[in-house]
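Structural characterization, general
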Amino acid sequence: MATVLAVAGVAGCSKSNEQVAAAALADPGVQALLSKIPADTPYAFISFGGSARPMIEKIYKSMSPVMERIGPMIDQMPLDNEWGPLAKAILAELRAVMKEGGLDRTGIDIDGRAALYGIGVMPAVRWTLKDPQALRDLLARVQSAGNVTIPVCKLGDAEYWCGGNSEVKVAAAIVSGELILGAAPASMADKVFELLFGKTAPERSLADSPKLRDLLTSWNLGKHNVGYVDMRVIVEAFLGEGDPLNKDVLAALVPKLTEQWPTLTQVCKDEARSLAGIAPMLVFGTEAMSAEGFEAVFGVELRSDVAQDLKSLRASVPGLSKEVRDEAIFALGGGLDFGKAIEWALRKSAEVTKSPYQCPELAELNQFAAKIGQDTSSIPSWVPGLRGGSLVLTDIKMSGFLPSSITAHAVLATTDPRAVYEAIKADTPAIAAYEFSDDGAVKTLPDGTVPFVNGIAYGAKAGTGAVVAIGPGSEATVSKLLAAPEVKDAPLGLFAYDMARIMSQLEPVLGMANQPELAGLFDIYKVFGPSGYEMYAEDRGLVFKAGMTLR
């Protein structure tokens, strides 16, 4: 994903945000979890526990009939290779987990606290267990039925499950009511695993750092979970500086890096840090979660000036807002002022050309900036007037393999729709046969003009753009969109879909195609309602608001 905005700080956050963050971090169990995680970990995802079970159980309930239907097929799978028994054993356990009440069969506490984080760049996982013996029993069943034995290694007097190769070692253990998983460079395995299993403590932990408190407050994520990737910490490690553990782990994984560190000039280090400062952190988490679905956020913090530049590029596309997610079977669109975007790109390229990067490793950025500003004459005159567009499918009915009815519309937002029309007409003279005006008048085409598509209406309005709609009520749709007010806080991008409605139309098609064995898959999709995401430019940076509804 592209990169995101600089955190505005807690000054602009509400008191309720601060209270939610304080309550989440004051929990003794959360503090105990954070105390195991290095403060300068390059990335982390912390789940505060609770509220995931209703959503997971609802999804598993929809999947269980399918698993039962394909169960006999699994039982009859040929065991032609050495991994066949293991695959069957895992699938058998998965079938059992998906049955009602099966979640607790794993021994993992679905409502418990959990963390995914980095010891250096190597991943580590901690997950609270509800019944450690149940997990041990599950592993024993899988090993027995799968004809495998998980190797056991020792760290001092402690035993753990182990694996890996000459370069990377992996480990897993049940320690103090937690399932713990991790990986380490082979040359540092003991040191990393001592930290992973709690035999040694981080010199400074996330429990001691204000980082999570600031993120929770700024992004209002203290109710369920929060995650981040700290680009500044990662860059410091690649420069051979910053946290010693991060640097040592990276050096053990990529020994050749250590040869480059002494040759890095201060100029290169400063410029690398400056680039990291443009998008210093990725932030993500869940704002709401229940049996009805979830709402999540993914953000790229941007340096404040970059964030403000991005905000200035926003443009309103008629009818394109978050509400589309609840109305459409499928929708795709975005709003961007192309004229301002071109000016911004030229301005930034000129800045780099005037003050180029001095570090040899960044020479390609200078070349790229030079290319941007070399020739703008090839940009068609109508392009700066573009403001984005959308494609929205509201309804579709299938009759066999062909659609019998489609209700949809497409919008091209532009200040000068006539200029766009003339450009298209030059390449496609056939469209000259259709009447065009940019006064907002709505026109229609006779049914049969386009095969399988009826009820085509279109119109254009200077300063707004052009709209084409098909299906019942198309004339009213065109008129409404051409007269629509500007969307407040317009999204830079939007993607939405309703999987249940899509699959309801595909189900009979697959039945006609003699694919009845796939019918059970539709039971899974029926539980998934309107879903998708919107992308916004905010003071914090580039923000993706994602959501999924469960029926």
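Please refer to the structure higher up on the page.
Here's what I pulled together on the structure shown here. (Residues numbered from 1 in each chain as written. Predicted model: local features only at pLDDT ≥ 70, side-chain atom pairs only at ≥ 80, totals over all residues. Heavy atoms only, no water.)

So, the overall build of the protein
- The helix and strand tally for the protein stands at 19 helices and 19 strands.
- With respect to the three principal axes, the spread of C-alpha positions in the protein is 85 × 65 × 50 Å.
- Counting over 551 residues, the protein shows a buried share of 43%.
- Counted over contacts in the protein with a minimum sequence separation of 6, partners at least 24 positions apart contribute 66%.
- Taken as a whole, the protein presents about 27300 Å² of accessible surface, with 59% of it coming from carbon and sulfur. (Helix = DSSP H or I, 4+ residues; strand = E, 2+ residues; numbered from the N terminus. Buried < 20%, exposed > 50% of the residue type's maximum accessible area, 1.4 Å probe, protein only. Contact = heavy atoms within 4.5 Å. Areas by Shrake-Rupley, 256 points an atom, 1.4 Å probe, with all protein chains shown as cover.)

So, unusual backbone geometry
- In this model, Asn 147 sits at a positive phi of 55°, which is unusual for a non-glycine residue.
- Position of Asn 147 relative to the elements: it lies in the loop between α5 (132-146) and β4 (152-155).
- Looking at Asn 147, the relative accessible area reads 63%, which means it is exposed.
- Notably, Ser 176 is not glycine yet its phi reads approximately 50°, a positive angle.
- Here Ser 176 shows up in the loop between β6 (168-175) and β7 (178-185).
- For Ser 176, a relative accessible area of 75% translates into the label exposed.

Let's talk about α5
- End to end, α5 covers 21 Å across 15 residues, agreeing with the expected 21 Å (1.5 Å per residue, within 8%).
- Along α5, the positions that sit buried rather than exposed are Ala 134, Leu 135, Leu 138, Val 142, Gln 143 and Gly 146.
- On its buried face, α5 sits against α4 (84-98), β6 and β7.
- Once α5 finishes, Asn 147 follows within two positions and takes phi at roughly 55°, a positive value. (Expected span 1.5 Å × (residues − 1).)

Notes on the pairing of β7
- Buried residues dominate β7, accounting for seven of its eight residues.
- Taken together, the five bridges between strand β3 (residues 122-128) and β7 define a ladder with antiparallel strand orientation. Across the sheet, Ala 124 pairs through a bridge with Gly 182, a residue of β7.
- Pairing of β6 with β7 involves eight bridges; the strand directions are antiparallel. Paired with Val 170 across the two strands is Ala 183, which belongs to β7. (Pairing = 2+ DSSP bridges.)

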